Amino acid sequence: MVLHHVLLVIFPAQGHINPAIQFAKRLIAMDASVTIPVTLHMHRRLGNKISIPGLSIAPYSDGYDDGYDSSTHDYNHFALESKRRGSDFVADIIVSSAKEGFPFTSLVYTLLLPWAPEVARRFNIPTAMLWIEPATVLDILYYYFHGYANYINDKTKDPSSGSVTLPGLSFSLAARDIPSFLLSWKPTVFSFVLPWFQETVRQLDLEANPIVLVNTFGALEDEALRAIDKLSMIPIGPLIPSAFLDGKDPSDNSFGADIFPVSNDYVEWLDSKLEKSVIYVSFGSYLDLSKAQVEEIARALLDSERPFLWVIREKQELKNVKKEEEEISCIKELKRKGKLVTWCSQVQVLSHPSVGCFLTHCGWNSTLESLALGVPMVAFPQWTDQMTNAKLIEDVWEVGVRVDHKVKEDFGLVEAEEFKRCFETVMRTEEKGNELRKNALKWKDFAREAAKKGGPLENNLRAFLDDVEHQFMQIGDEKQGRAN
């Protein structure tokens, strides 16, 4: 029997490390050990606060030890330097681990790291990609880079020509549902990632049997997981803390609480509110809204006359405003009528009985957490996969409503009335709101079913490790045969 030693290579972003840590915990529970290389910038944020038996954190420099800043750094240089330094470090750690008699049996990598499988092939190590977005998004990307680019761009540029339909998917897609960086006629700030995704797909094509471990569950994306014959997409989600899902590990009860410790007085505040009465608002780690947009959201929350918990990061509302104008106009009223925090344990909040609605940017981690914890959503996507996630939330899974960006043609500004309409739709207990809540609870049950002992999540991961063991032993036999 092979002792599994997994090298888990992740892109240095919060949205990658959270599911990666949960993935590592699942592997460790199956007697594997996991090593995760992290950049020095990310390691400083983590400190020594992640202490999990069986998990090793290996820091290295990617040349941007203070972090990458798009306003001052050249992205092409960052990409090349990250690839060069990352490749060298991963190669060195593979060699040193083998010399110590503890070789890596597989290399798993997250998206935006197309160099990682190249390194693995150099050392003949079995690989798999950990896809931390929905399977549907991978389908769209794969088809885009396999002959559908012109079709997608032509259809979305001229809506009168109809919507986009792709093999294996039973629903159609409009321009606003496509990952934003794919639309060549509509350049966005994230267009620079297009070559990275193209190379990621090319690397999958180089594999004889490309394996993609997807942070989703079968009931949620059954057809999307089967849409591409070339890829073996294996659902191993939802990757959220055990205490909120299968209950196997009650100590595994938050994302990031040990990394970003803050006061948890928001829990006491939630305890004081009625069941399903609170609107929870959070836009992830990176989204910066304009001051004007923050003002509109604030007014909608106040006008809704419902309690709200808003994660408003420090300086989030300060984009492109003068110092004397930094604070939004109704900040005192917001603090009086709701609860403002700079960070919270999102899974803890979403699992609280007083929370009845989640206004979200539709990042996949947030979307999956909301689905797994049974909370209906108001979808406010901004870019990349968030656009597709919002489509799935509203039209496919029917667990929320999507903010209409066309309410006011003023640089995409959405007015308070539109947010208020969405809040009322989701929070009401009759008709549409009630159906959304029923659907949310349905997906919650499916998520728990997937994660239970002996369920698909556990079985799929065990099958993956068994397959890796077979490949590893086969490689060893081939080496022995050549030696003889």
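Calculation rules
Residues numbered from 1 in each chain as written. Predicted model: local features only at pLDDT ≥ 70, side-chain atom pairs only at ≥ 80, totals over all residues. Heavy atoms only, no water. Buried < 20%, exposed > 50% of the residue type's maximum accessible area, 1.4 Å probe, protein only. Helix = DSSP H or I, 4+ residues; strand = E, 2+ residues; numbered from the N terminus. Pairing = 2+ DSSP bridges. Axes fitted to C-alpha atoms, helices over the stretch in contact; angles between N-to-C directions. Contact = heavy atoms within 4.5 Å. Phe/Tyr/Trp six-rings, centres within 6.5 Å; stacked < 30°, edge-to-face > 60°. Core = buried A, V, L, I, M, F, W, Y, C linked by side-chain atoms within 4.5 Å. Salt bridge = Lys/Arg side-chain N within 4 Å of Asp/Glu carboxyl O.

A. Molecular detail of the pairing of strand 1 (residues 5-9). Counted residue by residue, strand 1 has 5 buried out of 5 residues, so it is predominantly covered. Across the two faces of strand 1 the burial is the same, with His-5, Leu-7 and Val-9 and Val-6 and Leu-8 all buried. With 3 bridges joining them, strand 1 and strand 2 (residues 33-39) adopt parallel strand pairing. The partner of Leu-7 across the bridge, within strand 2, is Thr-35.

B. Quick look at the sheet that holds strand 3 (residues 55-60). What the 7 strands build is an open sheet, ordered 3-2-1-4-5-6-7; its pairing is parallel. Only two strands of the sheet have a single partner each, and these edge strands are strand 3 and strand 7 (232-235). Across this sheet, the average inter-strand angle for adjacent strands is 25 degrees, counted without regard to direction. Contacting strand 1, strand 4 (106-110) and strand 5 (127-131), helix 4 (residues 115-122) runs over the sheet at an angle of about 170 degrees to strand 4.

C. Geometry of the packing of aromatic side chains. Per the counting criterion, the structure on display carries 19 aromatic pairs. Aromatic pair Tyr-75 and Trp-196: ring centres 5.4 Å apart, planes at 40 degrees, arrangement tilted. Residue Tyr-75 is found in helix 3 (residues 75-99), and its partner Trp-196 is found in helix 6 (residues 194-206); the two are separated by 121 residues along the sequence. Both residues of the pair, Tyr-75 and Trp-196, belong to the buried class.

D. Examining the nonpolar core more closely. Leu-8, Phe-23, Leu-107, Trp-131 and Leu-213 are the most contacted members of the largest nonpolar core, which totals 130 residues. Those residues within four positions of Trp-131 in sequence are excluded, and the remaining contacts are Leu-111, Val-137, Leu-138, Leu-141, Phe-197, Val-212, Leu-213, Val-214 and Asn-215. Ranked by size, the runner-up nonpolar core spans 32 residues in total, among them Ile-279, Leu-301, Val-378 and Phe-423.

E. Layout of the environment of Ala-116. Counting through the fold element by element, Ala-116 comes out in helix 4. Sequence separation between Ala-116 and Ile-10 is 106 residues; the distance between their C-alpha atoms is 9.3 Å. Discounting chain neighbours no more than four positions away, the residues touching Ala-116 are Val-9, Leu-107 and Tyr-109.

F. Summary view of unusual backbone geometry. Cis geometry is adopted by the peptide bond preceding Pro-238, which originates at Gly-237 and carries an omega value of 5 degrees. Its location among the elements puts Pro-238 in the loop between strand 7 and helix 8 (265-271). Positioned with a positive phi, Leu-112 is a non-glycine residue whose angle comes to about 70 degrees. Along the chain, Leu-112 turns up in the loop between strand 4 and helix 4. A positive phi angle, close to 75 degrees, is found at Cys-362, a residue other than glycine. For Cys-362, the location among the structural elements is in the loop between strand 11 (355-360) and helix 12 (364-372).

G. Representation of the sheet that holds strand 11 within the structure. What the 6 strands build is an open sheet, ordered 10-9-8-11-12-13; its pairing is parallel. Since the sheet does not close on itself, it has two edges, and those belong to strand 10 (339-341) and strand 13 (400-402), each with one partner. Along the sheet, successive strands turn relative to each other by an average axial angle of 15 degrees, direction set aside.

H. Region of the structure containing the pattern of salt bridges. Evaluation of the coordinates by the stated rule reveals 17 salt bridges. Across the salt bridge formed by Glu-275 and Lys-276, the nearest N and O atoms sit 3.2 Å from each other. Owing to a relative accessible area of 57%, Glu-275 belongs among the exposed residues under this scheme. Lys-276 gets classed as partly exposed once you look at its relative accessible area, which sits at 33%. Taking the shortest distance from any N to any O, the salt bridge between Asp-303 and Arg-299 comes out at 3.8 Å.

Everything listed is a geometric property; what it means functionally is a separate question.
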